[in-house]
Amino acid sequence: MSFSVYNNYKVNDLVEELVMFYLPEGGLVFDPTCGIKNRQFQWIQNSRLDGVKYEYLPSDIQESSRQKIQASVAHIPLKYRSVDLTLYDPPYIPYAREGRAEDYGIAEERSVKEVMAFYSKEIFEELKRITRKWIIIKGADFYFPTTSMNFYRFQDFALKGALDAGLKVRAIYVYMYHHGNIGLYRSRMKNYRRPVLQHTYYIVLSHEVCYV
């Protein structure tokens, strides 16, 4: 297993590099929680590599004009190992950043239990069923309520379901940015003495036997 850290890196660029690294030959990339804007895969229509073709299959439980499949991650209408790489990016905190609630389908705060349910053994078994090579999951550590000292470590609740489903951790990439750049967080945390660094993770999973 490898471990890498990126500081103030553009998310779209990081996703592009991960997909190209793990699928250098090209292939079908499945995004089961694409949201409204499909922000992380805007690059895929103009791949920099000549002769390498990536296909993008967006899906979400919300209805939008951008998605090709409307379905829950608990029941994905795809055949056994029909996609090469899945990037799983559910609403991994109980609240959406200001101005992003519509993208994530969050009209109100979720409970921590509801967030953790996105990373259940059953969901990972479904992702494992439809994915031939790699599953990349995205998530972040968070405090909840946001002005409390209640800290939830992403890897503690996200990886349990994956490991119980028989997946193996192949790599962990940490994306870090500073909350001090965001006025909303400065205001909420001004009376709290705690770290103000947010860590977002991209964790690469695969079958116990890596299919290539």
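Quantities reported herein were computed from a predicted structural model and do not represent experimental measurements.

1. Overview of the overall build of the chain
Across its full length, the chain carries six helices and ten strands. A buried classification covers 51% of the 212 residues belonging to the chain. Contacts in the chain between residues far apart in sequence, at least 24 positions, make up 76% of those at least 6 positions apart. As displayed, the chain offers around 11100 Å² of accessible surface, 50% of which is attributable to carbon and sulfur atoms.

2. Quick look at the confidence of the model for the chain
Looking at the chain as a whole, the pLDDT averages 79, with 72% of positions reaching at least 70. Every residue in residues 178-187 scores below 50 in pLDDT, and together they form 14 contacts with partners more than four places removed in sequence or on other chains.

3. Here's the deal with the pairing of strand β6 (residues 131-140)
Across the ten residues that make up β6, a large majority, nine, are buried. In the sheet, strand β5 (residues 83-88) pairs with β6 via five bridges, with the strands oriented parallel. In the strand pairing of β6, L85 is matched with W134.

4. Considering unusual backbone geometry
Comment: phi is negative for the bulk of residues other than glycine, and the bulk of peptide bonds are trans. Between F144 and P145 the backbone carries a cis peptide bond, its omega angle lying at -5°. Of note, P145 is situated in the loop between β7 (142-143) and β8 (151-152). Even without being a glycine, R81 presents a positive backbone phi close to 50°. Considering the arrangement of structural elements, one finds R81 in the loop between β4 (69-70) and β5.

5. Remarks on the pattern of salt bridges
When their charged atoms lie close together, side chains carrying opposite charge are able to pair. Under the defined criterion, the tally for this structure stands at seven salt bridges. E125 serves as the salt-bridge partner of K121, at 4.0 Å between the closest nitrogen and oxygen. Of this pair, K121 and E125 are both found in helix α4 (residues 121-130), four residues apart, which corresponds to roughly one turn of the helix. Residue K121 is classed as partly exposed on the basis of its relative accessible area of 35%.

What counts, and at which threshold
- Residue indices begin from 1 for each chain and proceed along its sequence in written order.
- A pLDDT threshold of at least 70 governs which residues receive local features in this predicted model, and a stricter bar of 80 or more applies before side-chain atom pairs are shown or counted, although totals over entire chains, interfaces and linings include all residues.
- The basis for every side-chain value is the complete set of heavy atoms in the structure, and neither hydrogens nor water enter the calculation.
- Helix and strand assignments come from DSSP, with helices taken as H or I runs of at least 4 residues and strands as E runs of at least 2, each series counted from the N terminus.
- Whether a residue is buried, partly exposed or exposed follows from its accessible area with a 1.4 Å probe, protein chains only, as a fraction of its type maximum: under 20%, in between, or over 50%, in that order.
- Whether two residues touch is decided by their heavy atoms; if any such pair falls within 4.5 Å, the residues are in contact.
- Using the Shrake-Rupley algorithm and a 1.4 Å probe, accessible areas are obtained, with residue cover drawn only from the displayed protein chains.
- Each residue carries a pLDDT score, the predictor's own confidence in it, on a scale running from 0 to 100.
- The pairing criterion is simple: DSSP has to find at least two bridges between the two strands.
- The term salt bridge refers to a pairing of a side-chain nitrogen on Lys or Arg with a carboxyl oxygen on Asp or Glu at a separation within 4 Å.

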